[in-house]
Amino acid sequence: MNITASAISLNVADPAASARFLVDHFGFSEEMSAEGFHSLARPDAGFNVVYLGTGMPTLPDDQRDVHAQGQILAFVVDDLEAELARLQGEGVEITMPLTAEEWGERAFQVRDPNGVIVQLVDWNGPTAG
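Residues numbered from 1 in each chain as written. Predicted model: local features only at pLDDT ≥ 70, side-chain atom pairs only at ≥ 80, totals over all residues. Heavy atoms only, no water.

A look at the pattern of salt bridges
Pairing between side chains becomes possible if they bear opposite charge and their charged atoms approach one another.
Here comes step 1: This structure, assessed with the given rule, holds six salt bridges.
Here comes step 2: Between Glu 83 and Arg 86 there is a salt bridge, with its nearest N and O atoms 2.7 Å apart. Taken together, the positions of Glu 83 and Arg 86, both in helix α2 (residues 80–89) and three residues apart, correspond to about one turn of that helix.
Here comes step 3: Taking relative accessible area as the criterion, Glu 83 reaches 23% and is therefore assigned partly exposed.
Here comes step 4: Arg 106 is the salt-bridge partner of Asp 122, the closest N and O atoms lying 2.6 Å from each other. Of this pair, Asp 122 sits in strand β8 (residues 117–122) while Arg 106 sits in strand β7 (residues 106–111), and the two are 16 residues apart along the sequence.
Here comes step 5: Accessibility expressed as a relative area gives 2% for Asp 122, which makes it buried.
Here comes step 6: On the basis of relative accessible area, Arg 106 is assigned to the buried category, the value being 13%. (Salt bridge = Lys/Arg side-chain N within 4 Å of Asp/Glu carboxyl O. Helix = DSSP H or I, 4+ residues; strand = E, 2+ residues; numbered from the N terminus. Buried < 20%, exposed > 50% of the residue type's maximum accessible area, 1.4 Å probe, protein only.)

A word on α2
Here comes step 1: For α2, the full list of buried residues reads Leu 80, Leu 84 and Leu 87. Take α2 and look down its axis: the buried residues cluster within an arc of 70°, on one side only.
Here comes step 2: Looking one or two residues past α2, Gly 91 carries a phi angle of roughly 80°, positive in sign. (Arc of directions from axis to C-beta.)

As for the sheet that holds β8
Here comes step 1: A sheet is described by the order of its strands in space; here four strands give the open sequence β5-β8-β7-β6, paired in mixed fashion. A single partner strand is all that each edge strand has here, and the edge strands are β5 (72–76) and β6 (94–100). For this sheet, the mean angle separating the axes of adjacent strands, direction not counted, is 15°.
Here comes step 2: Packing of helix α1 (residues 15–26) onto the sheet brings it into contact with β5, β7 and β8, and relative to β8 it is tilted by some 30°.
Here comes step 3: Those strands touched by α2 are β6, β7 and β8, and its axis lies near 20° from that of β7. (Pairing = 2+ DSSP bridges. Axes fitted to C-alpha atoms, helices over the stretch in contact; angles between N-to-C directions. Contact = heavy atoms within 4.5 Å.)

Side note on the packing of aromatic side chains
Here comes step 1: For the structure shown, the criterion picks out four aromatic pairs.
Here comes step 2: Between Phe 47 and Phe 75, the aromatic rings sit 6.2 Å apart at their centres with planes inclined by 10°, giving stacked as the arrangement. Of this pair, Phe 47 sits in the loop between β3 (37–41) and β4 (48–53) while Phe 75 is found in strand β5, placing the two residues 28 residues apart along the sequence.
Here comes step 3: Assessed through its relative accessible area of 23%, Phe 47 is described here as partly exposed.
Here comes step 4: On the basis of relative accessibility, which here comes to 11%, the residue Phe 75 falls in the buried class.
Here comes step 5: Members of the aromatic cluster, each reached through a chain of ring pairs, are Phe 21, Phe 26, Phe 28, Phe 47 and Phe 75. (Phe/Tyr/Trp six-rings, centres within 6.5 Å; stacked < 30°, edge-to-face > 60°.)

This is how it looks when you write it as structure tokens:
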């Protein structure tokens, strides 16, 4: 097998709103779009984020109406505090405050207009001995 690209596809009620959120607040660009479909990319992300409209007839019956509940888009960043301040300055609601875990992960979360969780992470926290 030779993987040439990777993507995560998330079913949401309003794909355009989720796409705008990643474009406006996370620097993604839209590569392709059609009715109920938006594919977004960043050169440094390593994968595309695809939003599909729930109820699309092109999806199999058992996936058609499933919302992206419980999925987390996690992005490791260089300066977590700067990203937190930037998003707060842009008026984005922080839905999980900056936390530090004993294994060294630090993270905070926001939600897009469809409730999809976007988590920014670094590995600069104190680690357990």
